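Each chain is listed here by its residues.
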Amino acid sequence: MSLVRLCLIMLALLALAAAVAILLGETPLSLGQYLQALTHPASPPGEVLWTIRAPRVAMAILVGGALGLAGATMQGLLRNPLADPGVLGVSAISGLGAALAIAGGLAAVPGAIELSALAGALVAGGAVVAIALRLREPEALILFGVAISAFGGALTALVFNLAPSPVAIAEILAWLMGSVENRDWTDSLRAIVPMAVGAALCLKAGRGLRMLTLGEEAARMSGLPMPRLRAYAVAGAALLTGAAVAGAGVIGFVGLAAPHMVRALVKDDPRRILWPSALAGALLLVVADLAARLAPTDQELKLGVVTALFGAPVFALLAWRAARSWRS
Amino acid sequence: MTAAWTLNGVSARLNGKRALDAADLVAWPGEVVGVVGPNGAGKTSLLRAGLGLLPLTSGEARLSGQRLDQLTAAQRAGLVGYLPQDRRVAWNLPAEVVAGLGAIDLPEVQALILARDRLASVGAGDLATRGVLDMSGGERARVLLARLLCARAPLLVADEPIAGLDPDAQLLTLDLLRAEAARGAAVVVTLHDLSLAARCCDRVIVLDQGRVAAEGVPGVALASDVLARVFKLDGALVESPAGPVLAARRL
């Protein structure tokens, strides 16, 4: 299947899922109300569809796409099918940045949470890549990611421990569980700038990611400007992760699972996988958010909880398969 | 004539230890140079230092007469193709895509055509669309060799290209490298098999503890005193109908 056709099919699926996610929700609407919403966006049913549900779906698309693309970029860069912003601790440190900003009382300052989440993602992303250059075994990198994640978790616990008020604690906790509830269009607009820059960087790094298939040294001798392409990939993945965390909190496993949904369709090519992974991530998150909304629970499920519930077993399965191929 | 590769008094450190000590190497167009030596003698370090993958503490390296540190990545890739010892491939790409990675100067379609041609010449033409991780180690080695041949560079450097291959694939690999030399390329290979080094190389460089211990045509560089001093072997190269063979026992 050609790359363009694959992307078009996935776009169609995504549009379908988005339409379903906008049409379905907690507030039941009659057919007449749906018609009213379409013809009069300012009417009450129109409000439900266009100012409550649609921005939420848009945010899920952006965050899912960013995480899917970041995951695919990291898997290519680190030559590791288990790499993902969550697994490698980039999300955890980014979440720590956001938690620090909230605990420091900066939640009301525009852009403060976003900037600290981005800063956290860049620091962790840089550390992961610096270490990856010195590790020959793919398993070792995952262990290092576990350490970064644990450290990020410990520091976040410390923030909780020292938090000035229960309100701040509740606010941070809600953030860390990840959600796209109550988003408006300006949230999407604010997220889209760093995400677009990050996506452009990741796509520019694509040639280098494909060359890295042959290993570090062969890539360095290939004639491609590898140090620059590597920097693009790191900065791009970190920007995407930071923007996703800033927009929706910590949402795990989307970056891990999305590339694997499309891997076979692009013949494992780390360059061609980039766009389809972004679309797959967006699709995953729209569906997961719909599930979170429609699940018959008293408290609405948090999106990060839903993705973790499904993502952790997927991670175990992928680890099992990867471990077998590394041994042979 | 300009040498394809010149290393002049090259020294380098690896993990805090001296890996190379004023080593020299020259490779001329049309010849196959073998680099041999015991484990840890610095064979891989010599190649890496000469390619700019290992920083030099002294000495200089030139590719086709031009100083290595003044070349861009793209210029360097035009002057040398490198096959590293690590043959792990990260993703299950089709063989033709992997081989085509050797020709990034060409548009993708032309690179694929060249890749299929080179795959056929290494006897892997029927594997072109197979995933490289679905292959045996020997098949994968052929694909990576095809990738090296796609580089069309005046210097080909291969680190242990025959390690882990069956005897037929070993001889095929060396024959293909010899054919590249016959076409005018300079070829430098590290080898552990001294019989094959003697049979397939025009010149042999013997490394010991980061220094060049002997150098010359195989009969000279692998003379009995070198075998004893460097390899701790008591023996000699003896002629056989198929070429020289190492007959030796441990000292």
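Residues numbered from 1 in each chain as written. Chains lettered and ligands numbered in written order. Predicted model: local features only at pLDDT ≥ 70, side-chain atom pairs only at ≥ 80, totals over all residues. Heavy atoms only, no water.

**Q** Help me understand unusual backbone geometry, please; the structure alone is not making it clear to me.
**A** With the exception of glycine, most residues fall at negative phi, and the peptide bonds are largely trans. All names here are of chain A. In this structure, Phe-253 takes a positive phi of about 75° despite not being glycine. Examined against the element boundaries, Phe-253 turns out to sit in the loop between α11 (226-248) and α12 (254-262). At Asp-268, a residue that is not glycine, the phi angle is positive and equals roughly 70°. For Asp-268, a relative accessible area of 12% gives the class buried. (Helix = DSSP H or I, 4+ residues; strand = E, 2+ residues; numbered from the N terminus. Buried < 20%, exposed > 50% of the residue type's maximum accessible area, 1.4 Å probe, protein only.)

**Q** When you look at a nonpolar patch on the surface in this model, what are you seeing that I'm missing?
**A** Residues and elements named next belong to chain A. Together, Met-1, Ile-9, Leu-13, Leu-16, Val-20, Leu-23, Leu-24, Leu-265 and Leu-294 make up an exposed nonpolar region whose accessible area comes to about 760 Å². By residue number, the principal contributor to the nonpolar patch is helix α1 (residues 3-23), which donates 5 residues. Within the secondary structure layout, Val-20 lies in helix α1. (Patch = residues over 30% accessible without salt bridge, like charges linked within 9 Å, V, L, I, M, F, W, Y side chains within 5 Å. Areas by Shrake-Rupley, 256 points an atom, 1.4 Å probe, with all protein chains shown as cover. Salt bridge = Lys/Arg side-chain N within 4 Å of Asp/Glu carboxyl O.)

**Q** When you look at the confidence of the model for chain A in this model, what are you seeing that I'm missing?
**A** Predicted coordinates in areas of low pLDDT are best not read in detail. Averaged over every residue, the pLDDT of chain A is 89; residues scoring 70 or more account for 98%. Across chain A, element-level confidence peaks in helix α9 (residues 206-211) of chain A with a mean pLDDT of 96 and bottoms out in helix α14 (residues 303-327) of chain A with 83. (pLDDT = per-residue confidence, 0-100.)

**Q** It is not clear to me how the environment of Ala-186 of chain B should be interpreted in this structure. Could you clarify?
**A** All names here are of chain B. Counting through the fold element by element, Ala-186 comes out in strand β8 (residues 186-190). Residue class for Ala-186 comes out buried when judged on its relative accessible area of 0%. Excluding residues within four positions of it along the chain, Ala-186 makes contact with Ala-4, Ala-27, Trp-28, Pro-29, Gly-30, Glu-31, Pro-154, Leu-155 and Leu-156. (Contact = heavy atoms within 4.5 Å.)

**Q** What is the right way to look at the pattern of salt bridges in this model?
**A** Where side chains of opposite charge bring their charged atoms close, a pairing between them can arise. Applying the stated criterion across every chain, the model contains 27 salt bridges over all chains. Two residues, Asp-289 of chain A and Arg-56 of chain A, come together in a salt bridge whose shortest N-O distance is 2.9 Å. Of this pair, Asp-289 of chain A sits in helix α13 (residues 274-294) while Arg-56 of chain A sits in helix α3 (residues 44-78); the two residues are 233 residues apart in sequence, bridging distant segments of the chain. Assigned by exposure class, Asp-289 of chain A and Arg-56 of chain A land together as buried. One salt bridge in this structure joins Asp-86 of chain B and Arg-88 of chain B, with 3.4 Å as the shortest N-O distance. Look at Arg-88 of chain B and you get partly exposed, because its relative accessible area is 39%. In this structure, a network of salt bridges that share partners links the residues Arg-210, Asp-269 and Arg-271 of chain A together with Glu-108 of chain B.

**Q** Quick question: what am I supposed to make of the domain arrangement of chain B here?
**A** Accessible area lost upon the coming together of the parts is a frequently used measure of interface size. All names here are of chain B. Domain parsing of chain B yields domain 1 (5-80 + 153-250) and domain 2 (88-152). The interface is formed by 13 residues belonging to domain 1 together with 10 residues belonging to domain 2. Summing both partners gives a buried area of about 900 Å² for domain 1 against domain 2, and 72% of it is carried by carbon and sulfur. Put simply, domain 1 and domain 2 have 0 salt bridges between them. Those elements that place two or more of their residues in the side of domain 1 that touches domain 2 are β7 (155-159) and α6 (167-182). A total of 7 residues in the side of domain 1 that touches domain 2 trace back to one element, the largest contributor, which is α6. Grouping the constituent residues of the side of domain 1 that touches domain 2 by class yields 10 nonpolar, 1 polar and 2 charged. (Domains from an automatic or database assignment. Buried area = accessible area lost by both parts, 1.4 Å probe. Nonpolar A, V, L, I, M, F, W, Y, C, P; charged D, E, K, R; others polar.)

**Q** I tried to follow the interface of chain B and chain A on my own but got confused; where do I start?
**A** On the side of chain A, 25 residues touch chain B, which itself brings 25 residues to the contact. Roughly 2200 Å² is buried in total at the junction of chain B and chain A, and carbon and sulfur atoms are behind 62% of that figure. Summed over the shared surface of chain B and chain A, the result is 3 salt bridges. If you look at where chain B meets chain A, you find 5 residue pairs in polar contact (both at pLDDT 80 or more). Of all the elements in the fold, those that place two or more residues in the side of chain B that touches chain A are α1 (43-51), α2 (73-79) and α5 (137-150) of chain B. Per-element accounting of the side of chain B that touches chain A gives the leading share, 4 residues, to α2 of chain B. (Polar contact = N/O pair within 3.5 Å; in protein donor to acceptor, adjacent residues only side chain to side chain.)

**Q** I tried to follow the nonpolar core on my own but got confused; where do I start?
**A** Counting residues in each nonpolar core, the largest one holds 139 residues, and the members touching the most others are Val-63 and Met-195 of chain A together with Val-36, Val-206 and Phe-231 of chain B. Here this core gets 16 residues from one element, more than from any other, and that element is α3 of chain A. Built from parts of two domains, this core gets at least three residues from each of domain 1 (5-80 + 153-250) and domain 2 (88-152) of chain B. Counting residues in hydrophobic clusters, the runner-up holds 32 residues, among them Ala-23, Leu-25, Val-80 and Ala-186 of chain B. (Core = buried A, V, L, I, M, F, W, Y, C linked by side-chain atoms within 4.5 Å.)

**Q** Can you help me understand the sheet that holds strand β2 (residues 17-27) of chain B in this one?
**A** Strands in a sheet are paired, the pairing made by backbone hydrogen bonds, and the direction either parallel or antiparallel. Residues and elements named next belong to chain B. Taken together, 4 strands build an open sheet; the order of strands is β2-β1-β4-β5 and the sheet is antiparallel. In the strand order of this sheet, the two ends are held by β2 and β5 (66-67), each with one partner. Bridging between strand β4 (residues 56-63) and β5 involves 2 bridges; their strand directions are antiparallel. Bridge pairing in β5 links Leu-63 to Gln-66. Strands β1 (5-14), β2 and β4 of the sheet are contacted by α1, whose axis makes an angle of about 115° with β1. (Pairing = 2+ DSSP bridges. Axes fitted to C-alpha atoms, helices over the stretch in contact; angles between N-to-C directions.)

**Q** Just to check I follow, could you spell out the sheet that holds strand β3 (residues 32-36) of chain B for this structure?
**A** Residue and element names in this part refer to chain B. With mixed pairing, the 6 strands of this open sheet are ordered in space as β6-β7-β8-β3-β9-β10. This sheet does not close on itself; its edge strands, each paired only once, are β6 (81-83) and β10 (211-216). For this sheet, the mean inter-axis angle between neighbouring strands, taken without regard to orientation, is 15°. Pairing of β3 with β8 involves 4 bridges; the strand directions are parallel. Counterpart to Val-32 in the pairing with β8 is Val-187. Lying on the sheet, α1 is in contact with β3, β6, β7, β8 and β9 (203-208); it crosses β7 at an angle near 145°. Its contacts with the sheet place helix α9 (residues 224-231) against β3, β9 and β10, and it is angled at close to 30° to β9.

**Q** What's the story with the pairing of β10 of chain B in this structure? I'm lost.
**A** Side chains on a regular strand alternate between the two faces of the sheet. Residue and element names in this part refer to chain B. For β9 and β10, the ladder comprises 5 bridges, and the chain directions are antiparallel. Looking at the pairing, Ile-205 lines up with Glu-215 of β10. Linking two consecutive strands that pair antiparallel, namely β9 and β10, is a turn of 2 residues; a positive phi of about 50° is found at Gln-209 within it.

**Q** Help me understand the environment of Pro-164 of chain A in this model?
**A** Tracing the backbone through its elements, the reader meets Pro-164 of chain A in the loop between α6 (138-162) and α7 (166-177). Pro-164 of chain A sits 59 residues away from Gly-105 of chain A along the chain, and the two C-alpha atoms are 9.5 Å apart.

**Q** Help me out: how do you make sense of the pairing of β9 of chain B in this one?
**A** Residue and element names in this part refer to chain B. Among the 6 residues in β9, 5 count as buried, and that is most of the element. For β3 and β9, the ladder comprises 4 bridges, and the chain directions are parallel. If you follow Val-35 over to β9, its bridge partner there is Ile-205.

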